[in-house]
Every structure is written in C-alpha cells, then in structure tokens.
Amino acid sequence: MRVPVSIPDITSDDVKAVRRAVESGWVSGTSPIVSEFEKEFADFCGVQYGIATNSGTTALHLTLASMNIGVGDEVILPTFTMVATANPVTYLGATPILVDSEKDTWCIDPEKVREAITPKTKAIIPVHIYGHPCDMSQLQEIAFEHDLLIIEDAAEAHGAEYKRKKVGGFGDASIFSMYANKIITTGEGGMIVTDDEDLWDRAIWLRAHAFGRHGKHYRNEEVGFGYRMNAMSAALGLSQLSRIDYYIEKRRLDAWIYRRKLTSLEESGLITFPVERDGYKSVYWMFSILFNKNFPLSRDTVVQRLSEKGIETRTFFHPLHQLPMYENDEEHPVAEEIARTGINLPSGNATTREEINFVCQSIMELVR
Ligand SMILES: *Cc1c(COP(=O)(O)O)cnc(C)c1O
C-alpha cells in the first residue's frame, strides 16, 4: 500500500467544468468565470468581495501592497507557519516580526503579539494553522487598541469557524490558498476576501499592472502585478467549491477516526492530539500529532519507519526564526518544541478510510 500525505479529489464534474472553460476560448483572468468564482467564494466566507489570484502567496503580496505596507513597516506574524506567510512582507521591504504560538492550538499567541508591538507596527497576520482558527477576539482587541491592520492567513482553513462565524471575516482582509493540497484546489491559486470596497478596488487594479483609468489604458501609474487567476483554474475552483461542505465534514470525520484509533497512545501520554477549543471549528487541513518524550522512538525514526511501509508523512514547518533568511537568536520555545516533535499524518480530500486504518495500525505496531 502507498499512502500519500495528501492528494486532491478531482471528479468528472471538475473535469467537465475545466473543459467547458477551455472550450469557451475565454481562458484569461478577465473571463466571467473568474468573477463568478470570486463572488461565490466571498459568499461562502460571508464577506462582501473576493479577488482571485494565481497563488496564496501572491494573494498575500497583493493584499499588503494594496494596504501600502512597505519599507520601515513591521508586520507581526507567527514563527510557526509556512514560509509563504513571511515572504510577501519581505518582498515589500517591510520586516516580519516573528512571535511564538499558543501551546494548545499552535496558533499565534496574542500575548506575544502585544509584547512585539512598536511604533513601526502596521499589521498582524494571524495564521489559522493546520485549519484551527486563531483567538480572533483577542487579536481584534489588540489591533483596535493599537490601530493595526489584520490580514488573516486562512490558506489552510477554508470554512473553519470561530464563535460560529467563518474565518476570512475577522480581518481587514484575508487570504486563502487553492494549491493542490488545500481544502479546495484550483491547481495553483489564491483568493483575497474583504469587506473594504476601497481595498477591493485597489487590489483589483494592482492585480493586473495598474492599467490606466479614465480610458488611458497604457498610462499605468503604479508598479502593479501579473497576479490574475486564469479561467480554467476558476472553473475548477467553482466546481470544487460546490462540494466544500462535504470536504470539511469528511476531514472532521477523518480526524475523529484518527483520534479514536490512536486514543490509547494519547491516554498513556505517548502522543499529543491537536486540540479543538470550545467555540472553535477546525477543518483539519492536516491531522497532526506530537510525539512526546516517552514515545519509544524518535519523531524522525517514526517518519522513517512509516515511510518504509509506504506511508508518506510531513514533519512540521520549521519555525521561521530557524531558517537562514529569517534566522535570529530569539527563542520561541513553543514553536521550537512542536516543530521538533510533530508530524502531519495523511489527510487529503482523497484519503480513504482504509488508508487511515493502515496508518493507525502501523503507528500502533511501532509501539509494540
Ligand atoms: C499554502 C500556504 C500559503 C501559500 O499558498 P500558495 O498557494 O502555495 O502560494 C500561505 N500560507 C500558509 C499558512 C499556507 O499553508
């Protein structure tokens, strides 16, 4: 058996939708299919406007650029995240300020955000890591007190909820990724959602080279981007979006099965499960566990042994302050600890019940 860590679920309806888009001949990002996808996705999030892009990374870059974040500005984000949360800040000449996570949710710690604020701070980027929402009330309170912008990095968390409201609706703007392994996919792609009409207008303009307004097409007046999503991607996204509730429920059920099958390891303190706090709804982008000190094998040996059985896993993100581009001598003990002990188990839209059973059985055998 070969068990991939995550593969997308592409149905024959998806294929038909993409085929229709390409056969229409209107394949560029100006196709009405793209605006339809933007509208439907924004509706799904309960937000007014959507702006489709060609990746989650470019969605974040475009958002920050539209907010005029640049040289001399500081942006606070968790050190425990994918590198794509920090890179767009760097592209703009601003400085990512890295802070630690909460021990239970692995999400950005609001107390650490408070401590990191300086007169240069312009924005906070909370990341709903592995599909679990951040503590948005506290972050909104901090942002309000210090007049900061919030950009949710919801790349892994389409449909996750905080106090019964979907993520994407808490920030001044939020970004999503539609990469192949995310909650829904467009192959490569991203989306900004916002309720701010001016921000929407500016982002749409900057997304495609800031073409001149008032009929002066080639009088571009700012350095814009080539970040549009193409029509085939949007068609795939629309088709996938029609099944998103199913994918979310499936992922939650898979997480429940993992917990049930591995519960004896957790009860004996050998592993730690991800939490789902009261009032939060996780979409379990990756079902992840931590191997505690008394687990008989090291985390890296577990990865190796599972791989020998054909089971693909991922170790956790390296904290950004330990990567060469962002290296510093700060200590972020929570991020360092979870990064050292955590793995993502197979958890894709196409992961089967048999695969999950096999993974759990293989982990149980490692302990015996
Ligand atoms: C996937 C991801 C991104 C980037 O998305 P791409 O579509 O791959 O550019 C950004 N942030 C986080 C937290 C992610 O997981």
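Bear in mind that the values here come from a model prediction, so they are computed numbers and not experimental data. All chains use their own residue numbering, which begins from 1 and follows the written sequence. For this predicted model, a pLDDT threshold of at least 70 governs which residues receive local features, and a threshold of 80 or more governs which side-chain atom pairs are given and counted, while totals over whole chains, interfaces and linings are taken from all residues. Each side-chain value is derived from all of the structure's non-hydrogen atoms; neither hydrogens nor water enter the calculation.

## Points about empty space enclosed by the protein
Phase 1: In this analysis, the protein atoms alone were mapped onto a 1 Å grid. Cavities are point sets where a 1.4 Å probe fits without being able to get out; pockets are open sets with protein on both sides within 12 Å along at least five of seven lines; lining residues have an atom within 4 Å of a point. Grid points are joined across faces, edges and corners, and a volume is the space filled by probe spheres set on the points. For the coordinates displayed, the defined rule picks out 1 cavity of 30 Å³ or more.
Phase 2: Of the pockets and cavities examined, the largest cavity occupies roughly 80 Å³.
Phase 3: Partitioning the lining of the largest cavity into residue classes produces 7 nonpolar, 3 polar and 1 charged. The residue classification treats Ala, Val, Leu, Ile, Met, Phe, Trp, Tyr, Cys and Pro as nonpolar and Asp, Glu, Lys and Arg as charged. All others, Gly included, are polar.

## Quick word on the sheet that holds strand 11 (residues 280-281)
Phase 1: Pairing is antiparallel in the open sheet, where 3 strands are placed in the order 7-6-11. If you trace the sheet from one side to the other, it starts and ends with strand 7 (165-166) and strand 11, each paired once.
Phase 2: Pairs of strands are assigned from DSSP output, requiring at least two bridges between the strands. Strands are runs of DSSP state E lasting at least two residues, helices are runs of H or I lasting at least four, and both sets are numbered from the N terminus onward. Judged from the 2 bridges that link them, strand 6 (residues 161-162) and strand 11 form a sheet pairing that is antiparallel. Paired with Y162 across the strands is Y280, a residue of strand 11.

## Re the site of the ligand
Phase 1: Around the ligand there are 14 residues in total, and G56, T57, E156, S177 and K182 lie nearest to it.
Phase 2: Under the rule applied, a polar contact is a pair of N or O atoms within 3.5 Å (in protein, one hydrogen donor and one hydrogen acceptor; residues adjacent in sequence only if both atoms are side-chain atoms). D153 places a side-chain nitrogen or oxygen 2.8 Å from a nitrogen atom of the ligand.
Phase 3: Taking S177, its side chain carries an N or O atom lying 2.7 Å from an oxygen atom of the ligand.
Phase 4: Its free accessible area being 380 Å², the ligand has 93% of it covered by the protein chains.
Phase 5: Pocket occupancy is defined atom-wise: a molecule lies in a cavity or pocket when more than half of its atoms are within 2 Å of its grid points. In this structure, the ligand is accommodated by the largest pocket. Put simply, a residue is near a molecule or strand once any heavy atom of it comes within 4 Å of that molecule or strand. Shrake-Rupley sampling with a 1.4 Å probe provides the accessible areas, and residues are treated as covered by the protein chains on show and by no other component.

## A short note on the domain arrangement of the protein chain
Interface size is commonly expressed as the accessible surface area that is lost when the partners come together.
Phase 1: The split of the chain into domains comes from an automatic or database domain assignment. The domain boundaries assigned to the protein chain delineate domain 1 (12-243) and domain 2 (245-367).
Phase 2: A separation of 26 Å is found between the C-alpha centroids of domain 1 and domain 2.
Phase 3: Every residue pair with non-hydrogen atoms within 4.5 Å of one another is taken to be in contact. Listed by partner, the interface residues are 43 residues for domain 1 and 37 residues for domain 2.
Phase 4: Roughly 3300 Å² of surface becomes buried between domain 1 and domain 2 when both sides are summed, with 62% attributable to carbon and sulfur atoms.
Phase 5: By convention, the term buried area covers the 1.4 Å-probe accessible surface removed from two parts as they join, with the contributions of both added. When the buried area of domain 1 at its contact with domain 2 is split by residue, W106, Y130 and R243 rank highest and sum to 22% of it.
Phase 6: Any carboxyl oxygen of Asp or Glu within 4 Å of a side-chain nitrogen of Lys or Arg constitutes a salt bridge here. Scanning the region where domain 1 abuts domain 2 turns up 2 salt bridges.
Phase 7: The partner of R277 in a salt bridge is D104, and the shortest N-O contact between them spans 2.9 Å.
Phase 8: For the pair domain 1 and domain 2, the interface holds 20 residue pairs in polar contact (both at pLDDT 80 or more).
Phase 9: For the side of domain 1 that touches domain 2, the elements supplying multiple residues, two or more each, are strand 2 (74-78), helix 4 (87-91), strand 3 (95-99) and strand 6.
Phase 10: Counting residues per element, the side of domain 1 that touches domain 2 draws most heavily on strand 3, at 3 residues.

## Considering the nonpolar core
Among soluble globular proteins, nonpolar side chains are generally buried collectively.
Phase 1: Core analysis: the biggest nonpolar cluster contains 61 residues, and F37, F41, F80, Y130 and F176 have the highest contact counts within it.
Phase 2: Secondary-structure elements contributing two or more residues to this core are helix 1 (12-23), helix 2 (32-45), helix 5 (110-116), helix 6 (136-146), strand 9 (190-194), helix 8 (231-241), helix 9 (244-261) and helix 12 (333-341).
Phase 3: The dominant element in this core, judged by the number of residues it contributes, is helix 2, at 6 residues.
Phase 4: Of the residues that make up this core, three or more belong to each of domain 1 (12-243) and domain 2 (245-367).
Phase 5: Only buried Ala, Val, Leu, Ile, Met, Phe, Trp, Tyr and Cys residues count toward a nonpolar core, and they belong to the same one when joined by side-chain atoms within 4.5 Å. Buried residues are those whose accessible area, probed at 1.4 Å on protein chains only, stays under 20% of the maximum for their type, while exposed residues exceed 50% and partly exposed ones sit between those limits. Core analysis: the second largest hydrophobic core is formed by 32 residues, I69, A94, I151 and L199 among them.

## Some details on the pattern of salt bridges
Phase 1: Following the criterion strictly, the structure yields 21 salt bridges and no others.
Phase 2: K16 serves as the salt-bridge partner of D13, at 3.7 Å between the closest nitrogen and oxygen. With D13 and K16 both in helix 1, this residue pair falls 3 residues apart, about one helical turn.
Phase 3: One salt bridge in this structure joins R19 and E23, with 3.0 Å as the shortest N-O distance. Remark: E23 and R19 occur in helix 1; sequence separation between them is 4 residues, near one turn of the helix. The pair R19 / E23 is uniform in exposure class, with both members exposed.

## Examining unusual backbone geometry
Phase 1: A positive phi angle, near 55°, is found at Y130, a position not held by glycine.
Phase 2: The residue Y130 is located in the loop between strand 4 (121-124) and helix 6 in this model.
Phase 3: Positive phi values are uncommon outside glycine, yet D147 reaches one of about 55°.
Phase 4: Note on placement: D147 falls in the loop between helix 6 and strand 5 (149-153).

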